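Each chain, written out:
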Amino acid sequence: MSNTQFTLTNRTALITGASSGIGATLAKGLSTAGATVVLAARRAERIEQLVDEIESEGGKAVAVNMDVTQRESVKSAFDLAERFVGKIDTVVNNAGVAAPKNFARINDEERDFVMNTNFNGVWNVAQEAAQRMIQAGKSGSIVNIASVLGLTAKPGQTSYCASKGAVIQLTRAMALDLIKYNIRVNAIAPGWFKTEMNEDFFNSAAGQKHIEQMPARRLGDIQELVGPVIMLCSDAGSFVNGAVLPVDGAISVAGI
Ligand SMILES: NC(=O)c1ccc[n+]([C@@H]2O[C@H](COP(=O)([O-])OP(=O)(O)OC[C@H]3O[C@@H](n4cnc5c(N)ncnc54)[C@H](OP(=O)(O)O)[C@@H]3O)[C@@H](O)[C@H]2O)c1
């Protein structure tokens, strides 16, 4: 296999939740691999700053405001992105939230907050992207950021586990529906990476104890997600479809 199979030159990739954590690092990584990147999130200032950073390193990037839970917001973000950089052929559905609480105490609003972002958000963005790719006759790749908690479970995480399990099944079913349009759909199931979502926990004694129980005895470095996502987005992954790839230092096989 030649290394050119891993290039994203001539690809235009939209990354949701690009304003922080995993999404910001993935956006920079896809840009380094040659993609024009569209950074989508609600915190405009953060994605605009990241555009400056990427462009100062020679990349091409634009920022679009998007709330993944709102169809109209998703549509207008795609319209705006297309005006600046043309049709999008690569999507990384990364936006996500967590709201840990015991199942016995979760109210409907708290459940809907997690499901609307983690599940409906992926659905909204993937469907908008797929419809536009099909209309433009463009092949494409969609990568959904699920979680090891879509494969295993942890106390206090019912809404999150359910949302990520749903994303995994959505990924598999979408792959079958979209294969005839040459659109591949895969998921990454990350293990644990310190970000704004969980830094309080991993800075605590309980978090440190959890790390010691992990097979690798460390958290992942967000950079370690970049290679697997590039593989799935690029020609290197041309026959990988409907797959769920754990990037977790063996947490899912250990069942932790
Ligand atoms: N960190 C981990 O250990 C880990 C493990 C497994 C899976 N994941 C998954 O990785 C993804 C990224 O999480 P992270 O750890 O990088 O957390 P993070 O730093 O909190 O990032 C979450 C991102 O989601 C965006 N977002 C949230 N709600 C949104 C909405 N309604 N519309 C648009 N964007 C929205 C946020 O952007 P704005 O607030 O600016 O909109 C933010 O950029 C999530 O799907 C998460 O479930 C993380």
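You'll find the structure just up there.
If you're wondering where the values come from, they're calculated on a predicted model, not measured in any experiment. (Residues numbered from 1 in each chain as written. Predicted model: local features only at pLDDT ≥ 70, side-chain atom pairs only at ≥ 80, totals over all residues.)

K.L.:
In this structure, what is going on with the overall build of the protein? I would like to understand it.
P.N.:
Helix and strand counts for the protein come out as nine helices and seven strands. On C-alpha atoms alone, the protein measures out to a radius of gyration of 17 Å, which is about the 18 Å that the 2.2 N^0.38 rule sets for 256 residues. In the protein, which comprises 256 residues, the share counted as buried stands at 43%. For the protein, the proportion of contacts with a sequence separation of at least 24, taken over those separated by at least 6, is 72%. (Helix = DSSP H or I, 4+ residues; strand = E, 2+ residues; numbered from the N terminus. Rg over C-alpha atoms; globule rule 2.2 N^0.38 Å. Buried ≥ 20, exposed ≤ 12 C-beta atoms within 10 Å, placed from the backbone. Contact = placed C-beta atoms within 7 Å.)

K.L.:
Would you mind showing me how to read the site of the ligand here?
P.N.:
Gly 17, Gly 21, Arg 42, Arg 43 and Gly 96 are the nearest of the 29 residues found near the ligand. Listed by contribution, the elements that provide at least two residues to the shell around the ligand are helix H1 (21-32) and helix H4 (108-136). Per-element tally for the shell around the ligand: the top contributor is H1, with three residues. Considering only residue class, the shell around the ligand consists of eleven nonpolar, 14 polar and four charged. (Near = placed C-beta within 6 Å. Nonpolar A, V, L, I, M, F, W, Y, C, P; charged D, E, K, R; others polar.)

K.L.:
Please clarify how the nonpolar core should be interpreted in this entry.
P.N.:
Side chains that are nonpolar tend, in soluble globular proteins, to be buried together. Core analysis: the largest hydrophobic core is formed by 68 residues, its most contacted members being Ile 15, Leu 30 and Leu 39. The dominant element in this core, judged by the number of residues it contributes, is H4, at seven residues. If sequence neighbours within four positions are ignored, Leu 39 has contacts with Ile 15, Ala 18, Ala 27, Ile 47, Leu 50, Val 51, Ala 61 and Ala 63. (Core = buried A, V, L, I, M, F, W, Y, C linked by C-beta atoms within 7 Å.)

K.L.:
I tried to follow the sheet that holds strand E1 (residues 12-16) on my own but got confused; where do I start?
P.N.:
Strands pair in a sheet through their backbones, by hydrogen bonds, and they do so in one of two ways: parallel or antiparallel. Reading across from one edge, E3-E2-E1-E4-E5-E6-E7 is the order of the seven strands in this open sheet, with parallel pairing throughout. At either margin of the open sheet sits one strand with a lone partner, and together these are strand E3 (61-65) and strand E7 (244-247). Shown here is a sheet whose adjacent strand axes are inclined to one another by a mean of 20°, direction ignored. Direction of pairing for E1 relative to strand E2 (residues 36-41): parallel, over a ladder of five bridges. Opposite Thr 12, over in E2, you have Thr 36 as the bridge partner. Seen against the sheet, helix H5 (residues 158-178) touches strand E5 (140-145), strand E6 (183-190) and E7 and runs at an angle of roughly 165° to E6. (Pairing = 2+ DSSP bridges. Axes fitted to C-alpha atoms, helices over the stretch in contact; angles between N-to-C directions.)

K.L.:
Mind showing me how you'd approach the pairing of strand E4 (residues 90-93) here?
P.N.:
Residues in a regular strand point their side chains to alternate faces of the sheet. Burial along E4 is two-sided: the residues Thr 90 and Val 92 and Val 91 and Asn 93 are all buried. As paired elements, E4 and E5 share four bridges and run parallel to each other. Bridging across to E5, Val 91 finds its partner in Ile 142. Chirality of the crossover, the property in question, places the unit of E4, H4 and E5 among those that are right-handed. (Right-handed = clockwise from strand over helix to strand, strands pointing away.)

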